Amino acid sequence: MNWTWFHKFGSPPHIYRIAGSLAPWFGWPAGLLIIAALYAGLVLAPPDYQQGDGFRIIYVHAPSAWLSVMIYGVMATAAAIGLIWRMKVAHAAAASCAGIGAWFTVVSLITGMLWGKPMWGTYWVWDPRLTAQLVLLFLYLGYMGLRSGIDDLGRADRASAVLAIVGVINIPIIRYSVEWWNSIHQAPSVMKMDRPSMPMDMLAPLLMMLLGFTLYFAAVMLVRLRAEILRRERSASWVKEALQ
Amino acid sequence: MSAPENLPFGVRTGALAAAFKVLNRDLRLAVRRPGQLLQPLAFFAVVTLLFPLGYTPELEKLRAIAPGVLWVGALLASMLALESLFREDAADGTLEQFLICGQPLVGLIAAKTLSHWLLTGLPLTLMAPILGIALGVPVAAMPGILSSLALGSVTLSLIGAVGAGLTLGVRRGGVLLSLLTLPLAVPVLIFGARATELAIAGESLTGPLYLLASLAVLGATLAPLAAAAAVRIGVE
Amino acid sequence: MSEFFAMGGYAAFLWPAYAVTLLAVVVNVITARRAHAAAREEARRRLEMESAPEHER
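As the structure is a prediction and not an experimental result, all values here were calculated from the model. (Residues numbered from 1 in each chain as written. Chains lettered and ligands numbered in written order. Predicted model: local features only at pLDDT ≥ 70, side-chain atom pairs only at ≥ 80, totals over all residues.)

Some words on the overall build of chain B
Per the secondary structure count, chain B includes 9 helices and 0 strands. Written out in order from the N terminus, the α and β elements of chain B read α-α-α-α-α-α-α-α-α. In terms of C-alpha radius of gyration, chain B reaches 19 Å, essentially the compact-globule figure of 18 Å for 236 residues. Principal axes of the C-alpha set define a box for chain B whose edges measure 65 × 30 × 30 Å. (Helix = DSSP H or I, 4+ residues; strand = E, 2+ residues; numbered from the N terminus. Rg over C-alpha atoms; globule rule 2.2 N^0.38 Å.)

Here it is, written out as structure tokens:
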């Protein structure tokens, strides 16, 4: 079995170049898609039967929540690859994800709170999804804290990789336990905008937003990845050429 | 080839025997400093004391929050003791010896985790019913509290060992250790507090107990691996 | 038009939510580009230092 392609994949100069050329191909379509989705969601979609125009917060809340969880998965996967195959590029990828993921976890919490206040009267409810997002935020902060607490970059990469893997295994357990906790105490489950039951003219902008945000994440992450690769390449010869 | 001075075993010792010797050594070292052993217990007591003072002396109301108070207190107290799990061994080179002594690191780390539980988790568990009385918990609830905390504290020690390994050598690692470990401990807290609540209400707590047991088993199989990996990364 | 901005009375919640999201989107783009620029600068400086003649280091 010829593994050259795999190891080429792990080659920093190769990835550096590819990331550079790919980023705009993700970025511009992301921008267009998001703008189109905004128009469809804010203008074209009809008001909701129960929540009126207030439901439109879903068009920013759902993509943020999706990003927050998806990015953690990407981060943990990259970290695992870096740990198992000892690929610096994979560790660089994991490092590129953390900040973006944390930001959008915060956004999902704030938009969730802003959705909750007009609907259920309080800024915060211990709804399973909001609570799980809060725990996720702490998982991100812990990851970032561990990275910044270790001076040696290689050690920081490897230690935070272990943490990311442990975290990703825990996330389903945490989500399950939080839902269980919520159902036991019979608190209202508030974030009820079930996708299957939404009519197409409300659902389509949501799907467009989800896709647009995913492409956006890819674009931003690739730019960060280039920075992280450079940080990990001490005096490799390719760097000189790449900087011209 | 003679055994390294710090370690009570050599290359020829079997893996299980080596682990037991590590456990033994930890227990004997700890017994020499009983003050250290009492600190988490004292902390647990103080934290529990703060709630009536900060809230109300009425036992009815305290009983309602007792599950949360007991579990959060035990969690925090357990976290306090975690910092020293690897600290001294890292400082005097014992951890490095662990890495090069030819014994599987997982076993040795598992032994250290067990010693943390025996020296901290188990005492905290045994103390909880007494503190429960201060919060208006009925005596009939004590077996339930004991069993749920016994299981939960095992998982806490296991998760904590991973955190302690990861924060080896991080300056002011104690706060970071808590930040890392507490989110991971959320499921234990949820199931454990619920078990305590049911115990206080006099109802059956088999459901949460099973959940706590499965967390403990999952932790016992996976956590030592992660903790060993973390220690290896932290010492190299 | 003002009906659109009023968003059926939910404006006070909806627009801040969109604003926060826009903020996150913009900030992440800016910081990513800045990080890359800083890394390039750092790498350039490192290379210069390493290729400088011995007595100039």
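Quick notes on the interface of chain C and chain A
Where the parts come together, the accessible area they lose is often given as the size of the interface. Listed per partner, the contact involves 25 residues of chain C and 29 residues of chain A. Here the residues of the side of chain C that touches chain A sort into 16 nonpolar, 4 polar and 5 charged. (Contact = placed C-beta atoms within 7 Å. Nonpolar A, V, L, I, M, F, W, Y, C, P; charged D, E, K, R; others polar.)

Regarding the confidence of the model for chain C
Confidence in the prediction of chain C, expressed as mean pLDDT, is 86, and 91% of residues score 70 or more. For this predicted complex, the interface score ipTM comes out at 0.89, while the overall pTM is 0.91. (pLDDT = per-residue confidence, 0-100.)

Remarks on the packing of helix α1 (residues 15-31) of chain B against helix α5 (residues 105-134) of chain B
The packing of two helices is summarised by the inter-axis angle and the distance between the axes. Residues and elements named next belong to chain B. Remark: α1 packs on α5, axes separated minimally by 8 Å, with the N-to-C direction vectors making an angle of 35°. For α1 against α5, the interelement crossing comes out right-handed. Within the contact between the two elements, α1 uses Ala15, Ala18, Ala19, Val22, Leu23, Asp26, Leu27 and Ala30 and α5 uses Gly107, Leu108, Ala110, Ala111, Lys112, Leu114, Ser115, Leu118 and Leu119. Each residue belonging to the contact of α1 with α5 can be placed in one class, and the counts come to 13 nonpolar, 2 polar and 2 charged. (Axes fitted to C-alpha atoms, helices over the stretch in contact; angles between N-to-C directions. Left-handed = near helix turned anticlockwise from the far one by under 90°.)

Details of unusual backbone geometry
Its identity as a non-glycine residue notwithstanding, arginine 86 of chain A has a phi of 50°, on the positive side. Given 13 C-beta atoms within 10 Å, arginine 86 of chain A falls into the partly exposed group. Of note in the backbone geometry, arginine 172 of chain B takes a positive phi value of approximately 50° without being a glycine. Taking the C-beta count within 10 Å as the criterion, arginine 172 of chain B has 9 such neighbours and is therefore assigned exposed. (Buried ≥ 20, exposed ≤ 12 C-beta atoms within 10 Å, placed from the backbone.)

A closer look at the environment of histidine 116 of chain B
Residue and element names in this part refer to chain B. With respect to the element layout, histidine 116 can be found in helix α5. With 26 C-beta atoms counted inside 10 Å, the residue histidine 116 sits in the buried group. C-alpha of histidine 116 to C-alpha of leucine 158: the two residues are 42 residues apart in sequence and 9.1 Å apart in space.

Observations concerning the environment of arginine 129 of chain A
All names here are of chain A. Position of arginine 129 among the secondary structure elements: in helix α5 (residues 128-149). Given 20 C-beta atoms within a 10 Å radius, arginine 129 is considered buried. Considered as a pair, arginine 129 and valine 178 are 49 residues apart in the sequence and their alpha carbons are 8.2 Å apart.

Thoughts on helix α2 (residues 12-44) of chain A
An α-helical segment advances 3.6 residues per turn. Residues three or four places apart therefore align on the same side. Residue and element names in this part refer to chain A. Over its 33 residues, α2 runs 45 Å from end to end, which matches the ideal 48 Å to within 8%, given 1.5 Å per residue. Where α2 bends most, at leucine 22, the angle is about 30°, and the proline proline 24 comes one to four residues later. Tucked into the core, α2 has its buried residues touching α3 (58-85), α4 (88-120), α7 (200-232) and α8 (237-243). (Expected span 1.5 Å × (residues − 1). Bend = angle between axes of the 7 residues up to and from the residue.)

Some words on the interface of chain B and chain A
Facing 20 residues of chain B, the contacting portion of chain A comprises 23 residues. Within the residue set of the side of chain B that touches chain A, elements represented by two or more residues are α6 (142-166), α7 (173-184), α8 (186-201) and α9 (206-235) of chain B. For the side of chain B that touches chain A, the element with the most residues is α7 of chain B, which contributes 6 residues.

Here we look at the nonpolar core
Counting residues in hydrophobic clusters, the biggest one holds 164 residues, and the most contacted among them are Met75, Ala94 and Val162 of chain A together with Ala230 of chain B. Setting aside chain neighbours within four positions, we find alanine 230 of chain B in contact with Ala159 and Val162 of chain A together with Val162, Gly165 and Leu166 of chain B. (Core = buried A, V, L, I, M, F, W, Y, C linked by C-beta atoms within 7 Å.)

Structural notes on the arrangement of the chains
The chain pair with the greatest number of contacts, out of 2 pairs of chains in contact, is formed by chains A and C. Without any contact between them, chain B and chain C keep their closest C-alpha atoms 24 Å apart.

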